[in-house]
Amino acid sequence: MSDEKLLNEEILEDMAEDRAEADVEAAVAAEPAESMDDYKEELEKSFQKVSEGDILTGTVIGVTETEVAVDLKYYAQGIIAKENYSSDPDCILKDKVQVGDSITATVIKTDDGEGNIVLSSKEANDTLLWEKFENMLNERTVFPVKINGIVNKGVVANVEGVRAFIPASKLDAGYVENTEDWLGRTIDVMVITADPEKKRLVLSGREVARQKRQEDKNAKIAKCQVGAVLEGTVDSIQPYGAFINLDNGLSGLVHISQISMKRIKTPSEVLTVGDKVKVKVISNANNKISLSIKALQDVAEKEAAEEVFDYKEDGKAATSLGALLAGFKVE
């Protein structure tokens, strides 16, 4: 190969290297320059003072059979011993925690003598759980629980590992005499007491049951159409009217003005508790059923009148001799 050809190849290689270097420099120049602001959050965390009782969240950076190492973005790392992770003696940390997991724990000691912060995820979980119960109390959260025990004056259930008490008077819409019948049942409840210091959690299903009962009743009332004729029993008599227990399970009021075609001073002049009556629904407004006995009496009188009078198409009424003389024998 001639000297001239070798020289040309060297020149081409030098040009290619220069071009590659220029491309790298351009790429670096295009990247945003790093500044202290990029590490502001990490720096602030590293200078924050950590105190016992603080609840911190970090990233798991190591797991052994006896402890979990946590990066807290702090000058010292956190250590969670097995007994501070779980109360279960058979707990296997490597099965429960993986490197990269986010974990929340309470500071027990700021220095274990080796520069590490001693943490307890078990204590943090307990604190956060009771905060959750308090929020559920304030927000009147409804949730299901399964009754798994019978105790004096009530039953018990388990809520996220915490034993909760439900008084017999709070089990259902009314007082429950035999709590044994409720064992194993799942009911909807609300928190009515959440005391983290005494570890006392009390639930109630009464308000939920009453609300559901009212909603069911309102739905039935909405289906109880105005104009419907129903049967029922007089349940109670008041100065202003009578309450009727209808055969469909609902209750309605017959106002004194809707009891009889005649003017009466008290409902007891016409009705007695236990009487079977037919009534007509005249209103279901405001989730209340208003009934009328008089409306059916009026209809009955009109039907009787139609049997006696023969109405012609021109609207004039004429007495039917056949109807009037029916049943009479003339000798």
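Note that the coordinates shown come from a computational prediction; the quantities given were computed from them, not determined experimentally.

A. The arrangement of the pattern of salt bridges in detail. Per the stated rule, a full pass over the model turns up five salt bridges. Lys212 is the salt-bridge partner of Asp216, the closest N and O atoms lying 3.3 Å from each other. Taken together, the positions of Asp216 and Lys212, both in helix H6 (residues 206–223) and four residues apart, correspond to about one turn of that helix.

B. Inspection of the pairing of strand E12 (residues 241–246) at higher detail. Where strand E11 (residues 229–238) and E12 come together, six bridges link them in antiparallel fashion. What sits directly across from Ile237, in E12, is Ala242. Where E11 folds back on E12, the antiparallel hairpin that results is connected by two residues. Bridge count between E12 and strand E13 (residues 251–255): five bridges; the pairing is antiparallel. Bridge pairing in E13 links Gly241 to His255.

C. Inspection of the side chain of Ser120 at higher detail. Inspection of the secondary structure puts Ser120 in strand E5 (residues 117–120). Residues within four places of Ser120 in sequence aside, it is in contact with Asn84, Ala105, Thr106 and Ile108.

D. Geometry of H6. For H6, which comprises 18 residues, the first-to-last C-alpha distance of 26 Å matches the rise-based estimate of 26 Å (1.5 Å per residue) to within 8%. Looking only at H6, the buried set comprises Val208, Ala209 and Ile221.

E. Region of the structure containing helix H5 (residues 121–139). Between its terminal C-alpha atoms H5 stretches 26 Å, which fits the 27 Å expected from 19 residues at 1.5 Å a residue. Among all positions in H5, only Ser121, Ala124, Leu129, Trp130, Phe133 and Met136 are buried. At the N-terminal end of H5, a side-chain oxygen is found 3.0 Å from the backbone nitrogen of Glu123, two or three residues along, and the residue is Ser120. One or two residues past the end of H5 sits Arg140, with phi positive at roughly 55°.

F. Focus on the packing of aromatic side chains. Inspection of the entire model under this criterion finds three aromatic pairs. A centroid spacing of 5.3 Å and a plane angle of 90° characterise the contact between Trp130 and Phe133, whose relative ring orientation is edge-to-face. One end of the pair, Trp130, and the other, Phe133, are both in helix H5, three residues apart, so they sit about a helical turn from each other. On the accessibility criterion, Trp130 (3% relative accessible area) is buried. Judged by relative accessible area, which is 0%, Phe133 ranks as buried. Their ring planes at 90° and their centres at 6.3 Å tell us that Tyr240 and Phe243 sit as a pair that is edge-to-face. Taking the relative accessible area as the measure of exposure, Tyr240 reaches 40% and is therefore partly exposed. A cation sits over an aromatic face here: Arg185 above Trp182, 3.8 Å from the ring centre.

G. Broad picture of unusual backbone geometry. Look at Glu160: it is not a glycine, yet its phi comes out positive at around 55°. Its location among the elements puts Glu160 in the loop between strand E7 (154–159) and strand E8 (162–167). A positive phi angle, close to 55°, is found at Lys199, a residue other than glycine. You can see Lys199 is positioned in the loop between strand E9 (186–195) and strand E10 (200–204). By relative accessible area, which is 44% here, Lys199 ends up partly exposed.

Conventions and cut-offs
Residues numbered from 1 in each chain as written. Predicted model: local features only at pLDDT ≥ 70, side-chain atom pairs only at ≥ 80, totals over all residues. Heavy atoms only, no water. Salt bridge = Lys/Arg side-chain N within 4 Å of Asp/Glu carboxyl O. Helix = DSSP H or I, 4+ residues; strand = E, 2+ residues; numbered from the N terminus. Pairing = 2+ DSSP bridges. Contact = heavy atoms within 4.5 Å. Expected span 1.5 Å × (residues − 1). Buried < 20%, exposed > 50% of the residue type's maximum accessible area, 1.4 Å probe, protein only. Polar contact = N/O pair within 3.5 Å; in protein donor to acceptor, adjacent residues only side chain to side chain. Phe/Tyr/Trp six-rings, centres within 6.5 Å; stacked < 30°, edge-to-face > 60°. Lys NZ or Arg CZ within 6 Å of the ring centre and 35° of its normal.

From the geometry alone we can't say anything about function, so treat these as descriptive.
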